[in-house]
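# Topology and contacts: notes
In case you want the letters, here they are:
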Amino acid sequence: MEYAVEKQHAKGKFHAIERINALCDKDSFIELYSGVRHNCTSFGMDKKDIPYDGVITGFGKINGRKVAIYAQDFTVQGGSLGLMHGRKIAELIDKAVQARCPVIGINDSGGARIQEGVDALCGYGDLFYQNVRASGSVPQISIIAGPCAGGAVYSPGITDFIFAVDKISQLFITGPKVVKSVMFMDITAEELGGASIHSKKSGVAHFRCESEPECYDKVRALLDYIPHHYGDELVQAAKYHFSEKKKKHIGTILPENSRKGYDIRDVITDVVDDDSFFETSAEFAINCVTGFAKIEGRSVGIVANNPGGMGGVLDCDASDKIARHVRYCDAFNIPLLTFVDVPGFIPGPQEEQKGIIRHGAKVIYAYSEASVPKVSVITRKAYGGAYIAMCSKHIGADFVYAWPASEIAVMGAEGAVGILYAKELADPSKAAEVAAKEEAYRTEIMTPAIAAKRGYITEVIAPEETRRRVLESFSFLENKQAMDKPLKKHGNIPL
């Protein structure tokens, strides 16, 4: 064991048991099935003894609450997954569902154990099946702490949250050697599937950490925000703090120029408890923000357009990011707080060809399906189909509040007048008339007062009122019951 630990340390990595101990409360981990061994006899495997078949499984506690946890051991046959290895993990997940506790998997494996052939594939199949069965029942968290290739990527891909660590995490369907042989392309493992690639470009990783200790700290922090099983009471802090000065600051955030961007995180942090915002997928689809926060100690899910990134427009990646987070929160009964400042869905052939219709429809589907308490705050722009998609009253928001400067319409005044008065726009002598039409559109069509008259907005509120309104709304909705649904097995989200 000492030699194995040294081998991992030489690579800048922790050993499997060190990882478990770093995550779990001191002396709380109990190993299960340590005596399991493979039953393969091909290619000299009958002469190999692989301790615990390359994966340590068991139960422990994090922050005083029980968790199921497994860690693949790369020092034992490269952490490769065989039949018994896969079954050990599958058994652990099944037991976690019965025990109603989160599952944390630490992945560090060379992939399927080639010597076992179809038996190794069977091990993966057993694992994937249990991942799917557990989905929505207990949280599933994956830590990528080494290579994760081929079939090994799909178990993390099914789970709720993926943590990646700089310089040691690698996820790809096919590795650099296969890419070179098939596509004649030279590429490193880091370039193909490193932590940065998956946190910024693919969106596969929800968190990117600089080191293993930072990663384990973040996992422990996440578990303080989310229920530990379906039906679990929402996590509530014993104490909370809210700086009164934030009530005044929130009114200064919006720029005078409505075309100028700003960071929506400034609004979020001025509404939620001090230092409680815990962002997910922070580097992916920066035109929107998702995460968790606490309001008077109680967890809520956060979704927001971010005008500081691409103007807050909805594209394919932002749509996926939002829809997935909404569905996670709904699955575990976490109330949703949505901040809306969206100029629309992104135009142009690139996003159309990527399927913005299909991806954008996911946002509408996720919000419409969600039965948890849903409160929305329109801070500035809410245009067109994106206004509807971002948890409007029309698709099931319980309360929608709008700041006085907000604009709610099919499109902005300039664009609307450009269509309605195209001929006048082409005539320089009618510039004053066109300007008057734009102002009339703003005052007669776009103001939140118009939407309030129609009952589409619950109230127009000053920014300084936002926290109080949100808090009171969630308090009122605390015992919200889901409405009866049409008779069906399940819906068909536009994947």
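Residues numbered from 1 in each chain as written. Predicted model: local features only at pLDDT ≥ 70, side-chain atom pairs only at ≥ 80, totals over all residues. Heavy atoms only, no water.

What follows covers the overall build of the protein. If you tally the helices and strands in the protein, you get 20 helices and 17 strands. For 495 residues, the compact-globule estimate of 2.2 N^0.38 gives 23 Å, and the C-alpha radius of gyration of the protein, at 25 Å, lies within 12% of that figure. Expressed as a percentage of its 495 residues, the buried residues of the protein come to 50%. Contacts spanning at least 24 positions in sequence make up 74% of the contacts within the protein whose residues lie at least 6 apart. Accessible surface, the protein as shown: approximately 22,700 Å² in total, 55% of it carbon and sulfur. Here the protein contributes 58 positive and 62 negative side-chain charges, whose respective centroids are spaced 2 Å apart. (Helix = DSSP H or I, 4+ residues; strand = E, 2+ residues; numbered from the N terminus. Rg over C-alpha atoms; globule rule 2.2 N^0.38 Å. Buried < 20%, exposed > 50% of the residue type's maximum accessible area, 1.4 Å probe, protein only. Contact = heavy atoms within 4.5 Å. Areas by Shrake-Rupley, 256 points an atom, 1.4 Å probe, with all protein chains shown as cover. Lys, Arg positive; Asp, Glu negative; His and termini not counted. Charge placed at Lys NZ, Arg CZ, Asp CG, Glu CD.)

Now for helix H18 (residues 431-446). Residues that lie three or four places apart on an α-helix share one face, since the helix turns once every 3.6 residues. With 16 residues, H18 should reach 22 Å at 1.5 Å per residue; the first-to-last C-alpha distance of 21 Å fits that figure. For H18, the complete set of buried residues consists of Val434, Glu438, Tyr441 and Met446. Of the surrounding elements, those touching the buried residues of H18 are strand E14 (374-383), strand E16 (407-409), helix H16 (413-420), helix H17 (422-425) and helix H19 (448-453). (Expected span 1.5 Å × (residues − 1).)

Here we come to the pattern of salt bridges. Close approach of charged atoms lets side chains of opposite charge pair. This structure, assessed with the given rule, holds 28 salt bridges. A salt bridge links Lys13 to Asp108; the nearest nitrogen and oxygen atoms lie 3.1 Å apart. Here Lys13, found in the loop between helix H1 (2-10) and helix H2 (16-23), pairs with Asp108, found in the loop between strand E4 (103-107) and helix H4 (118-134); they are 95 residues apart in sequence, far enough to count as distant. Each of the two residues, Lys13 as well as Asp108, counts as buried. Its salt-bridge partner being Lys180, residue Asp186 comes within 3.0 Å of it at the nearest N-O pair. The partly exposed category is assigned to Lys180, whose relative accessible area is 45%. Each member of the salt-bridge network shares a partner with another, and the members are Lys13, Arg19, Asp108 and Glu212. (Salt bridge = Lys/Arg side-chain N within 4 Å of Asp/Glu carboxyl O.)

This part takes up the packing of aromatic side chains. Using the criterion set out here, one finds 13 aromatic pairs in the structure. Seen from their ring centres, Phe207 and Phe278 are 5.5 Å apart, and the 45 degrees between their planes marks the pair as tilted. Linking Phe207 in strand E9 (residues 207-209) with Phe278 in strand E10 (residues 278-280), this pair joins segments that are 71 residues apart in sequence. For Phe278, a relative accessible area of 12% corresponds to the buried category. Taken together, the ring pairs in this structure connect Phe161, Phe163, Phe207, Tyr225, Phe278, Phe292, Tyr328 and Phe332 into an aromatic cluster. Residue placement shows Arg467 over the ring face of Phe242; its charged tip is 3.9 Å from the ring centre. (Phe/Tyr/Trp six-rings, centres within 6.5 Å; stacked < 30°, edge-to-face > 60°. Lys NZ or Arg CZ within 6 Å of the ring centre and 35° of its normal.)

Strands sit in the order E1-E2-E3-E4-E5-E7-E9 across an open sheet of seven strands; the sheet is mixed. Either end of the sheet is taken by a strand with one partner, and the two such strands are strand E1 (30-32) and E9. Along the sheet, successive strands turn relative to each other by an average axial angle of 20 degrees, direction set aside. With eight bridges joining them, strand E2 (residues 55-62) and strand E3 (residues 65-72) adopt antiparallel strand pairing. (Pairing = 2+ DSSP bridges. Axes fitted to C-alpha atoms, helices over the stretch in contact; angles between N-to-C directions.)

Attention now goes to helix H12 (residues 316-331). For H12, spanning 16 residues, the distance from its first C-alpha to its last is 23 Å, which sits close to the expected 22 Å at 1.5 Å a residue. Along H12, the residues that are buried comprise Cys316, Ala318, Ser319, Lys321, Ile322, Ala323, His325, Val326, Tyr328, Cys329 and Asp330. Of the residues flanking the end of H12, it is Asn333, one or two places downstream, whose phi is positive at about 60 degrees.

Here the focus is the packing of helix H3 (residues 83-99) against H4. At their nearest, the axes of H3 and H4 sit 7 Å apart, and the two run at 15 degrees to each other. By the angle class used here, H3 and H4 are roughly parallel. Relative to H4, the crossing made by H3 is left-handed. Counting all contacts with H3, which are made through Leu83, Gly86, Arg87, Ile89, Ala90, Ile93, Asp94 and Val97, the residues of H4 involved are Asp119, Ala120, Cys122, Gly123, Asp126, Leu127, Gln130, Asn131, Arg133 and Ala134. For the contact of H3 with H4, a count of residues per class yields nine nonpolar, four polar and five charged. (Parallel < 35°, antiparallel > 145°, perpendicular 65-115°, else oblique. Left-handed = near helix turned anticlockwise from the far one by under 90°. Nonpolar A, V, L, I, M, F, W, Y, C, P; charged D, E, K, R; others polar.)

Turning our eyes to something else, we now look at the pairing of strand E7 (residues 161-165). Most of E7 sits inside the fold, with five of its five residues counted as buried. Of the two faces of E7, the one holding Phe161, Phe163 and Val165 and the one holding Ile162 and Ala164 are both buried throughout. Alignment of strand E5 (residues 140-144) against E7, held across four bridges, turns out to be parallel. Within the sheet, the bridge partner assigned to Ser142 lies in E7 and is Ile162. Across three bridges, the pairing between E7 and E9 is parallel. Along E9, the bridge assignment pairs Phe163 with Phe207.

Right, let's get into the state of the cysteines. A full pass over the atoms with the stated rule returns zero disulfides. With no disulfide of its own, Cys391 lies 11 Å from the sulfur of Cys329, the closest cysteine sulfur. Using a relative accessible area of 1% as the deciding quantity, one classes Cys391 as buried. (Disulfide = S-S within 2.5 Å.)

Moving on: the packing of H16 against H18. Running from N to C, H16 and H18 point in directions that differ by 120 degrees, and their axes come no closer than 9 Å. When the axis of H16 is compared with that of H18, the two are oblique. Between H16 and H18 the crossing geometry is right-handed. Along the contact surface, H16 presents Ala413, Glu414, Ala416 and Val417, while H18 presents Val434, Lys437, Glu438, Tyr441, Arg442 and Met446.

This part covers the side chain of Gln140. Within the secondary structure, Gln140 sits in strand E5. Under the relative-accessibility criterion, Gln140 is labelled buried at 2%. Looking at Gln140, its side chain comes within polar contact range of the main-chain oxygen of Asn131, at 2.8 Å. Among residues more than four places away in sequence, those in contact with Gln140 are Ile93, Val103, Asn131, Ala134, Ser135, Thr159, Asp160 and Phe161. (Polar contact = N/O pair within 3.5 Å; in protein donor to acceptor, adjacent residues only side chain to side chain.)

Interpretation note: all reported values are geometric properties and have no functional meaning in isolation.
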